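Below are the chains, spelled out letter by letter.
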Amino acid sequence: MFFHIPVADFSALATYAARPPISIVASAPKADEGTPDVIDITNLPKAVFVAHPGLDNAVPNDGQDDSGTIQTALKWLKAERAAGNTQVSTIYMPEGVYDLAKTLNVNAPGITFKGAGANRTTLQNANSFKVSTEELPDGETVFDSINQKAYLFVLKPAANNVSFSNMTLSGADIHGAIFSGRNNGLRIKGLEFNDFLWSAVRLFDVRNAKIHNNVFIDAGGQSNGDSGTTGGSIFATYLKNSEIYNNRISKTRQRDGNVYGIKGREFRNTRIYNNTINTNFAIELPFENDHFVEIDHNYLNGAISVPKFAGGDIPEDGFTFHIHHNYFTRSYSLEWARNGVEVNHNVFMFDPDKDGGNLVSNFGEEPSNGPTKFHNNLIVNPGRGVVWHEGIYNNFSFYNNEIIANQTKTPRTNGLFGFNKQTDFSTIAIKNNLIKVKGVPRPLMRNLESYGAVIENNELVNVSDTNKFDNPRTDAPLGLVEPLAFRVGAEDEFSVNGAEISATANSQSTALSVDPNGTRWSIATLLSSWLDGFSKLWS
């Protein structure tokens, strides 16, 4: 998972403008000179100047360092809290660009940082604020390995229930925008994060966070050296009871190296939903024992990677990952092994010219006992195959799915399913599926031992090895047992109806691609050419 994966041109469905609009626009709050609950950094209350003689207001767009003014306002606010004045809660930054020459440290709870709107209020690192990348990657699961002087904001353990809204944060020469560690109740809404070296939002042992309705552009970068380790636009270690939703996360063609969307090390009781992600890996949650992680209604132009040594443990009466109602565009979609997973009601729509991946890829050599339940999914144009396990993976159930395997560019002739020869095939079930191959025939399996799997009640068209296994019919329904009609992406910006996808009124993305001849296609035009072939195949 630490190798370079180029971003596919076709699958974007999400070619973001350099500054996508965000609907949340804040008007300037009114400060009460007596007991203000809002501190305008360009017009500080008199009490702040009394407490800190010689302090100046921040001045937007002057190219001067504003970190001293904002940090002093935070110091005054904390002192007011200690004196019993809990009314003071908001640091307001009016329209303009503010330069920060050093990190702002937040040590008090319940503070709101508010701007006039994304692309109206911008905080950026000053030219003098540059951080080396030699210490990257950070230790990921080691708190003290994270450089807390490499972010625009650092929220200390006492900074519970802090919120950010309505601004742009940018930092091409620093690790990230916000680091929050060992605290509770973080809220990030209506921000644009633009151009960071490692992770725009870096969290460590945070609980009850909500990160939503934001835009991330080139916001999670790749470390130097041979490891190729990549941060994430959102990178959270030990995240609990949290939600990440309605975000648009993208990598532009101008950005070198990998950019990941959401990265984590051990999530618990966390939901990732209704995001539009156009990066190398869309979601990477490897190595740890994740429990009760729900990933749903996302548009994903990038893989979900969740490998764990031997598949990891499974919580009592629950699941590790539930991946459902997503729209995938990469033939390399799911990186395994992981135990205790359900994958259902997803659409996997792949470009036949980009056929290099197995949909489920497991590079782990250590045995995993599962289970994985993979059902009620639509798979169009699988590349190398649908499922491939390097090592033993038992208890894999694949049922009530539809596969439409059109001939791809290579063309691919591998078996659709590849299992380790030492698998306990009595625990492998391929049942009640519709599998139709168009063009060059393809076998169902890749080795002789795999025919020991339970293969039952499948409709198989142009599958070349049907003489090598029994496929007894039953009365069970074939293919999808429920229609695949749902919405995906940030603010439900795409409507999915089987193999068809269309933009809704909420879409801020363009559904355009360019073929090798320079012709521009809409997604509707592109899919209609495929669907014409599908209709002939089904008939």
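Nothing here was measured: the structure is a model prediction, and the numbers come from that model.

This part covers the pattern of salt bridges. One pass over the full model with this rule turns up 20 salt bridges. E95 is the partner of R120 in a salt bridge, and the nearest nitrogen-oxygen pair spans 3.1 Å. With R120 in the loop between β5 (112-115) and β6 (121-125) and E95 in the loop between β2 (90-93) and β3 (96-100), this residue pair connects regions lying 25 residues apart in the sequence. Salt-bridge contacts for R265 lead to E288; the nearest nitrogen and oxygen are separated by 2.5 Å. A residue pair is termed long-range when its members are at least 10 positions apart, and R265 in strand β17 (residues 262-273) and E288 in the loop between β18 (276-284) and β19 (291-296) qualify at 23 residues. Under the relative-accessibility criterion, R265 is labelled buried at 11%.

With that settled, the discussion passes to the sheet that holds strand β39 (residues 500-503). Taken in spatial order, the three strands line up as β37-β38-β39 in an open sheet, and their pairing is antiparallel. Each edge of the open sheet is held by one strand with a lone partner, namely β37 (485-488) and β39. Between one strand axis and the next, the sheet turns through 20° on average, direction left out of account. With four bridges joining them, strand β38 (residues 494-497) and β39 adopt antiparallel strand pairing. Residue pairing across strands places V496 opposite I501, the latter belonging to β39.

Turning our eyes to something else, we now look at the packing of aromatic side chains. This structure, assessed with the given rule, holds 26 aromatic pairs. Both rings, one in Y245 and one in Y273, keep their centres 4.8 Å apart while their planes meet at 10°; by these two values the pair is stacked. Of this pair, Y245 sits in strand β15 (residues 243-245) while Y273 sits in strand β17; the two residues are 28 residues apart in sequence, bridging distant segments of the chain. Take Y273: its relative accessible area is 11%, and that puts it in the buried class. One aromatic cluster is present, built from ring pairs that chain together F328, F348, F350, F374, Y393, F396, F398, F417, F419 and F425. Cation over ring: R271 sits above Y273, and NZ or CZ is 3.8 Å from the ring centre.

Most of the time, phi is negative for any residue but glycine, and the peptide bond is trans. At the junction of G370 and P371, the peptide bond is cis and its omega measures out at 5° in the coordinates. Position of P371 among the secondary structure elements: in the loop between β26 (358-362) and β27 (372-375). In this structure, the amide linkage connecting T410 to the following residue, P411, adopts the cis form with an omega of -10°. Position of P411 among the secondary structure elements: in the loop between β31 (402-405) and β32 (417-418). Here the phi dihedral of H325 falls at roughly 55°; this positive angle occurs in a residue that is not glycine. Of note, H325 is situated in the loop between β21 (321-324) and β22 (327-328). Located in the positive-phi region is H345, a residue other than glycine, with phi close to 60°. Within the secondary structure, H345 sits in the loop between β24 (341-344) and β25 (347-349). Take H345: its relative accessible area is 9%, and that puts it in the buried class.

Quick look at the pairing of β19 now. Of the pairings in the sheet, the one linking β17 to β19 comprises five bridges and is parallel in character. Note that in β19 the partner of I272 across the bridge is I295. As defined by bridge partners, β19 adjoins β21 across four bridges and the pair is classed as parallel. Its bridge partner being in β21, I295 is matched across the sheet by I323.

Chain-level pLDDT for the protein is 89 on average; 87% of the residues reach the 70-or-more range. Overall, residues 1-24 carries pLDDT values under 50, and its contacts beyond four positions in sequence, including any with other chains, amount to 90 contacts. Low pLDDT, under 50, characterises residues 510-539; the stretch is placed with 49 contacts to residues that sit more than four places away or in other chains.

Rules of the game
Residues numbered from 1 in each chain as written. Predicted model: local features only at pLDDT ≥ 70, side-chain atom pairs only at ≥ 80, totals over all residues. Heavy atoms only, no water. Salt bridge = Lys/Arg side-chain N within 4 Å of Asp/Glu carboxyl O. Helix = DSSP H or I, 4+ residues; strand = E, 2+ residues; numbered from the N terminus. Buried < 20%, exposed > 50% of the residue type's maximum accessible area, 1.4 Å probe, protein only. Pairing = 2+ DSSP bridges. Axes fitted to C-alpha atoms, helices over the stretch in contact; angles between N-to-C directions. Phe/Tyr/Trp six-rings, centres within 6.5 Å; stacked < 30°, edge-to-face > 60°. Lys NZ or Arg CZ within 6 Å of the ring centre and 35° of its normal. pLDDT = per-residue confidence, 0-100. Contact = heavy atoms within 4.5 Å.

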